[in-house]
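Remarks on the overall topology
Spelled out, the chains give:
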Amino acid sequence: MADLDSEVPPLPPRYRFRDLLLGDQGWQSDDRVQVEFYMNENTFKERLKLFFIKNQRSSLRIRLFNFSLKLLSCLLYIIRVLLDDPTQGLGWSPIIWVNRSLPLWGLQVSVALISLFETLLLSYLSYKGNIWEQILRIPFLLEVINAVPFIITIFWPVLRNLFIPVFLNCWLAKHALENMINDLHRAIQRTQSAMFNQVLILISTLLCLIFTCICGIQHLERAGNRLTLFDSLYFCIVTFSTVGFGDVTPKIWPSKLLVVIMICVALVVLPIQFEQLAYLWMERQKSGGNYSRHRAQTEKHVVLCVSSLKIDLLMDFLNEFYAHPRLQDYYVVILCPTEMDAQVRRVLQIPMWSQRVIYLQGSALKDQDLLRAKMDDAEACFILSSRCEVDRTAADHQTILRAWAVKDFAPNCPLYVQILKPENKFHIKFADHVVCEEEFKYAMLALNCICPATSTLITLLVHTSRGQGSQQSPEQWQKMYGRCSGNEVYHINLEESTFFAEYEGKSFTYASFHAHKKFGVCLIGVRKEDNKNILLNPGPRYIMSSTDICFYINITKEENSAFKKQEKHRKNHESKLSYHGASRLPVHSIIASMGTVAIDLQDTGCRTCSGPTLALPSEGGKDGRRPSIAPVLEVADSSSLQTCDLLSDHSEDETTPSDDEVSAGIEYAKGYPPYSPYIGSSPTFCHLLHEKVPFCCLRLDKGCQHNYYEDAKAYGFKNKLIIVAAETAGNGLYNFIVPLRAYYRPKKELNPIVLLLDNPPDMHFLDAICWFPMVYYMVGSIDNLDDLLRCGVTFAANMVVVDKESTMSAEEDYMADAKTIVNVQTLFRLFSSLSIITELTHPANMRFMQFRAKDCYSLALSKLEKKEREKGSNLAFMFRLPFAAGRVFSISMLDTLLYQSFVKDYMISITRLLLGLDTTPGSGFLCSMKITEEDLWIRTYARLYQKLCSSTGDIPIGVYRTESQKLTTSESQISISVEEWEDTKDTKEQISYRSNHRNSTSSDQSDRPLLRRKSMQWARRLSRRVPRHSGKTAEKINQQRMNLYRRSERQELAELVKNRMKHLGLSPAGYDEMNDHQNTLSYILINPSPDTRLELNDIVYLIRPDPLAYVPNTAPSRKDSFCNTVGQDSREETQL
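The following paragraphs examine the structure supplied in this document. (Residues numbered from 1 in each chain as written. Predicted model: local features only at pLDDT ≥ 70, side-chain atom pairs only at ≥ 80, totals over all residues. Heavy atoms only, no water.)

Looking now at the overall build of the protein. Counting its regular elements, the protein contains 43 helices and 22 strands. By residue count, 54% of the 1136 residues in the protein fall in the buried class. For the protein, long-range pairs separated by at least 24 residues make up 77% of all intrachain contacts whose partners lie at least 6 apart in sequence. With the model as given, the accessible surface of the protein reaches about 52,700 Å², and the carbon-plus-sulfur share is 55%. (Helix = DSSP H or I, 4+ residues; strand = E, 2+ residues; numbered from the N terminus. Buried < 20%, exposed > 50% of the residue type's maximum accessible area, 1.4 Å probe, protein only. Contact = heavy atoms within 4.5 Å. Areas by Shrake-Rupley, 256 points an atom, 1.4 Å probe, with all protein chains shown as cover.)

In structure tokens:
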């Protein structure tokens, strides 16, 4: 311790006890030195420079004063000329000497002194070491010529009448004006307009040339014709306009020389000015200029921000945006960093768009461009991502920065943002409306596997249409499909509604059924006044309130509807009469089958608990009376309500596991997935495993220490597979799995999911899917037949082909889908019974799906599509058979969802609830049921509506109908022309119809040949004629040859597949090469009329109430109550 104390240095003498208490503040204050910065700016020169040059406002005032002095000197010169008398001098003396009065001389001397002093001061302040640069400047030389002679006359009075070219001050005024405009732009913090400056320079140059010529000619002609200022002005205008009357001409050579010089200067200077003006004008046309501030404050406009503008995207936006009547007066300002291409330029020159669409070339990250677009005054800003980029993550990053920039510049502007990747969605949570492309895409593709054509259903709901498409067609299905496609989702307050006001205090199902029965509208959801959450079909226990917002499906909104009670009652009476007697039954199915593409229905129905509830009552068949249906109660009765059998079911399906499950040791639980691959995913109650599967067991085609299976056949799945072919396992693929494993899907109906990936998935994705039952992956491609066979394509119910990111961009835009289309066509030829759902980049390429070059019916539909496009239809491709059947889908079709949200802010929420992306407590979900033989006693859609509402509380919203016409083998395999069909129809019409469920079987069969002939005539008018053969014998021989050729090709493909299966050690028993359903026709009827007849195998779309909303509080345990929430019916088990 003594050593340590000795090492401590002693305190300085000034550290006293007070210093120890105050710390180091005392001595620090004594040693502190104050430092002053920017001392160089305190000099006299710097202060003058700050006032005259650097300070924007003071500099602007100085330049304005200088400009006024120059104009005053020119004005004094004109006054001197008007007061002068040129006749007093002789010879050349009038050119040298002038008459200048003393007051005028005094004013000119004063102006000269001020101008010269200001010029010298500014030259001194801007001096940078090179004095000759300051002296030899043209403005300085002109200032010396105009000011120094006046100062000399002060000291030499004899020279007071000496001529001084004061009119040259006009050029100094022009120079001061240019500087003043520059300072003005800086002072008011506005972006300098190069166009305005160039126009100003051109006009001022032209005026200075004319003024100089006028004053010069007038003064020189004092010794000649003695012209006045007006005569000189006349001469200059006539000369510069190249008219040259010759009545006024210069007489002396100096004036002639001046004219020559001025013409030469004009020929050099003016073309240069005009060239710069024209260049700036073209550049402004490219960039689009500015959106007027006055227009922005008096008119309404929206801003569309895109990275690159394609004609398809532009037309989709404009057609959907301006489809709403209240948006007709809105302006659309497009802000795009790229130059407008030729197609967009041609479209925007159409008068319908040129008056309402303004294109601005600029970036949303620049405040100047946002100011040009008047973003702070915009009603909304739409920010769209570029989905054709190879790097979609980079495209999302650009979208995020654009959204941030707009939010920073205009915080009160509503934002409508489209994002591609779900993991980037949380960066733009502040936006008012967000549509994540991959979320919607995968959820829609998943529902397509269990609720067929969900993609077509959602696409038709989010597109604005009047339902008038193809109403002139003789095809009945096109009329019904086109008319029902006009249905959209609308909203109205209950107390203000004619549709729903009378149902206040009634149950939701009662209001939905009676509104559909009375008005034909489909009530699908409500929203309470004090709650932002929308409830789809909250169930019969929900009581309607006067303040509720009702959401319904109809052709048009109620405000645009007229109510004619008498006419409606008459129609209802006629429809009731049409139910009695077999002869009065309408025919709704007109099948024109001429070798159409295969649109089959394989395991698409989701058999639900509504199956047994539609069974024919035991007392229904007595005395030939029609079975009765229980009425829909105004208020739900818990004793009669069946809650979909999801909670009351105690079948063996859920309570006791099957023998296979016991042997395999598999038991499912219900809960929320413990791991989500990205931030922002909505939690969904799902079927889960008690323990996660090891990653090695997720690989379908490779065995591990836990199992030795190497192909789908070895697993022995009870249900058919769902195969997803994708390039990478992106986070969006998680949204494909969740809807297929949702808790309301019965356990026995769960389909195994196989992910066929081009690239191996990462660990984060495997962590997310390893908790779900029967989810596997395999590295392979649909290009490889062996990979398809290993993953179980022969046992699959659905094959989903997702568009690959690497092929979304191509040199020719529409060629981006080429590889996908050809691969799907190969699948279609090899596995014709497989239900293939394909995603395309461009909707226009739907015509190539399952393409048949000689199919007359498809060619007729192609003609129909062209006619619909000529009529201006937004969905010209809707009558294409693959789209109508839900076999093809393009995510760009959902762009209208974002556009519609500007008018219908609830559309995104409703769509997410329908797709299962969001789960709101008390809100229902989308499912489907299939009409079987036992269900045909329901007969009509209205009775089905009543039966569902009175029993399970389900709300039907549409029907997926499949019409089939089975031909003989030769007819189904050969593509024949319309004329050949007409010639051979008598000998080859061996048609086996499915037994009709109505009592008018014979009537229908007798009517269909006539209706078919009408459809043949319609197809013949639209399709190209094919020349007939010389005789019927030659035709038969030709058809037989084609039949043999096609069958040999079919057999060759079948042998190829079977040989590959044998080579891989797979049994070819599951491959049925002749199961070809090429003569089926499927389409959707959204909210059909109540008198629509149900047909066998119709798929009915249902919005089912949330079963968890009815869980009693006295449930024994969460696990037990959830384990009994599945239906007792399921589709037939498929043994592989």
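Bringing a nonpolar patch on the surface into the picture now. The grouping of Trp 92, Trp 253, Leu 257, Ile 261 and Val 265 at the surface amounts to a nonpolar patch, some 520 Å² of accessible area in total. Structurally, the position occupied by Trp 253 is in helix H13 (residues 253-287). (Patch = residues over 30% accessible without salt bridge, like charges linked within 9 Å, V, L, I, M, F, W, Y side chains within 5 Å. Salt bridge = Lys/Arg side-chain N within 4 Å of Asp/Glu carboxyl O.)

Moving on: the pairing of strand S6 (residues 433-436). Neither face of S6 is open: one carries His 433 and Val 435, the other Val 434 and Cys 436, and all of them are buried. With four bridges joining them, strand S5 (residues 415-419) and S6 adopt parallel strand pairing. Along S6, the bridge assignment pairs Gln 418 with Val 435. (Pairing = 2+ DSSP bridges.)

Remark: helix H4 (residues 44-54) packs on helix H7 (residues 102-125), axes separated minimally by 10 Å, with the N-to-C direction vectors making an angle of 115°. Considering the relative orientation of H4 and H7, their crossing is left-handed. For the pair H4 and H7, contact is made by Lys 45, Leu 48, Lys 49, Phe 52 and Ile 53 and by Leu 121, Leu 122, Tyr 124 and Leu 125, respectively. Partitioning the contact of H4 with H7 into residue classes produces seven nonpolar, no polar and two charged. (Axes fitted to C-alpha atoms, helices over the stretch in contact; angles between N-to-C directions. Left-handed = near helix turned anticlockwise from the far one by under 90°. Nonpolar A, V, L, I, M, F, W, Y, C, P; charged D, E, K, R; others polar.)

Taken in spatial order, the four strands line up as S19-S22-S20-S21 in an open sheet, and their pairing is antiparallel. Across the chains shown, the open sheet's two edge strands, defined by having one partner strand only, are strand S19 (925-930) and strand S21 (1080-1086). Averaged over all neighbouring strand pairs, the angle between strand axes comes to 25°, with direction disregarded. One ladder, built from five bridges, connects strand S20 (residues 955-964) with strand S22 (residues 1099-1104); its direction is antiparallel. Within S22, the residue paired with Pro 956 across the bridge is Leu 1102. This element, helix H21 (residues 454-462), spans S19, S20, S21 and S22 of the sheet and lies at about 40° to S21.

For the rest of this paragraph, the subject is unusual backbone geometry. The phi angle at Ala 453 is positive, at roughly 65°, despite the residue not being glycine. In this structure, Ala 453 sits in the loop between helix H20 (437-450) and H21.

As a further point, take the nonpolar core. One finds Phe 321, Phe 382, Phe 500, Phe 736, Met 799 and Phe 831 to be the most contacted residues of the largest nonpolar core, which totals 205 residues. Tallying contributions element by element places H20 first for this core, with nine residues. Core analysis: the next-biggest nonpolar cluster, separate from the first, contains 42 residues, Ile 95, Trp 105, Leu 116 and Leu 270 among them. (Core = buried A, V, L, I, M, F, W, Y, C linked by side-chain atoms within 4.5 Å.)

Time to look at the sheet that holds strand S16 (residues 796-801). The strands that make up a sheet pair up through hydrogen bonds in the backbone, lying either parallel or antiparallel. The parallel open sheet is built from six strands, whose spatial order is S15-S14-S13-S16-S17-S18. Two strands bound the open sheet, and with one partner strand each, they are strand S15 (775-779) and strand S18 (888-890). Strand-to-strand twist across the sheet, computed as the mean angle between neighbouring axes with direction ignored, equals 20°. Across the face of the sheet, H20 comes into contact with strand S13 (721-726), S16, strand S17 (835-840) and S18 while running at roughly 165° to S17.

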